[in-house]
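Each chain, letter by letter, is given below.
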Amino acid sequence: QLLLAESGGGLVQAGGSLRLSCAASGHNGRNFATAWFRQAPGKGREFVAGIDPNVRVDYADSVKGRFTISSDNAKKTVYLQMNSLKPDDTAVYYCAARTIPAVRMPGAYEYWGQGTQVTVSS
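A brief structural summary. Computed from a predicted structure; not experimentally measured. The residue count restarts for each chain, going from 1 along the sequence in the order it is written. The predicted origin of the model limits local features to residues at a pLDDT of at least 70 and limits the giving and counting of side-chain atom pairs to 80 or more, whereas totals for whole chains, interfaces and linings rest on all residues. To obtain the side-chain values, all non-hydrogen atoms of the structure were included, while hydrogens and water were left out.

Considerations on the sheet that holds strand S7 (residues 67-72)
Put simply, the rule reads: Strand pairing requires that DSSP identify at least two bridges connecting the strands. Secondary structure elements are taken from DSSP: a helix is a run of H or I of four residues or more, a strand is a run of E of two residues or more, and numbering for both begins at the N terminus. Axis definition: a line fitted to C-alpha atoms, over the contacting stretch in the case of helices. Angles run 0 to 180 degrees between N-to-C directions.
Taken in spatial order, the four strands make up an open sheet running S1-S3-S8-S7, and their pairing is antiparallel. At either margin of the open sheet sits one strand with a lone partner, and together these are strand S1 (3-7) and S7. Ignoring strand direction, the axes of neighbouring strands in this sheet form an average angle of 15 degrees. Looking at chain direction, S7 and strand S8 (residues 77-82) are connected through six bridges and run antiparallel. For Phe67, the partnering residue across the bridge sits in S8 and is Met82.

Describing the packing of aromatic side chains
In plain terms, the rule: Pairing of aromatic rings covers Phe, Tyr and Trp, the last counted by its six-membered ring, and requires centre-to-centre distances within 6.5 Å; plane angles under 30 degrees mean stacked, over 60 mean edge-to-face, and any other angle means tilted. Relative accessible area decides the class of each residue, using a 1.4 Å probe on protein chains only: under 20% of the type maximum gives buried, over 50% gives exposed, and in between gives partly exposed.
Counted by the stated rule, this structure contains six aromatic pairs. Aromatic side chains Phe32 and Tyr111 sit 5.9 Å apart centroid to centroid with 75 degrees between the ring planes, which places their arrangement in the edge-to-face category. Placement of Phe32 in strand S4 (residues 32-39) and of Tyr111 in strand S10 (residues 111-112) is noted, with a sequence separation of 79 residues between them. Each member of the pair, Phe32 as well as Tyr111, is classed as buried. Considering the side-chain rings of Tyr109 and Trp112, the 6.3 Å spacing of their centres and the 65 degrees angle between planes classify their relative orientation as edge-to-face.

Here we look at the pairing of strand S11 (residues 116-121)
In S11, alternate side chains face the same way, and those of Thr116, Val118 and Val120 are buried while those of Gln117, Thr119 and Ser121 on the opposite face are not. With four bridges joining them, strand S2 (residues 10-13) and S11 adopt parallel strand pairing. Considered in S11, the bridge of Leu11 is made with Thr119. Relative to S11, strand S9 (residues 91-99) is paired through three bridges, and the arrangement is antiparallel. Residue pairing for S11: Ala91 is matched across the bridge by Val118.

Regarding the state of the cysteines
Think of a disulfide as a covalent bridge from one cysteine sulfur atom to another cysteine sulfur atom. Short version of the rule: Note on terminology: disulfide denotes any pair of cysteine sulfur atoms within 2.5 Å.
Applying the stated criterion across every chain yields a total of one disulfide. Linked covalently through their sulfurs, Cys22 and Cys95 form a disulfide whose S-S length is 2.1 Å. Note on the Cys22 and Cys95 pair: the S-S dihedral is about 65 degrees, so by sign convention the disulfide is right-handed. Of the two residues, Cys22 is situated in strand S3 (residues 18-25) and Cys95 in strand S9; the sequence distance between them amounts to 73 residues. Looking at Cys22, the relative accessible area reads 2%, which means it is buried.

Set out below in structure tokens:
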């Protein structure tokens, strides 16, 4: 069983930055890909960014150039650095993991964190 715990959300003004963390525990040694998704009120869960153990990354077009996903394997933590935040980025952000590769479909992910709220004020 893999457990994921997000942290780092909060309230920020437009143009500001936040860094989200996703810490994994209970890892059983399999190769996992990790992704960030977000869900705004009344909308579906949307892919944001993904990373696999070979450090291949993928970004949604809406965040490309503003968000950066990275991993620290020693800490079993994946980060999402979010810069130039916009009100449209307001959502609950979830990290998710699956056996490789990283894909964009939320239904393909086996493990999910509880989510962290990000609110961007205009």
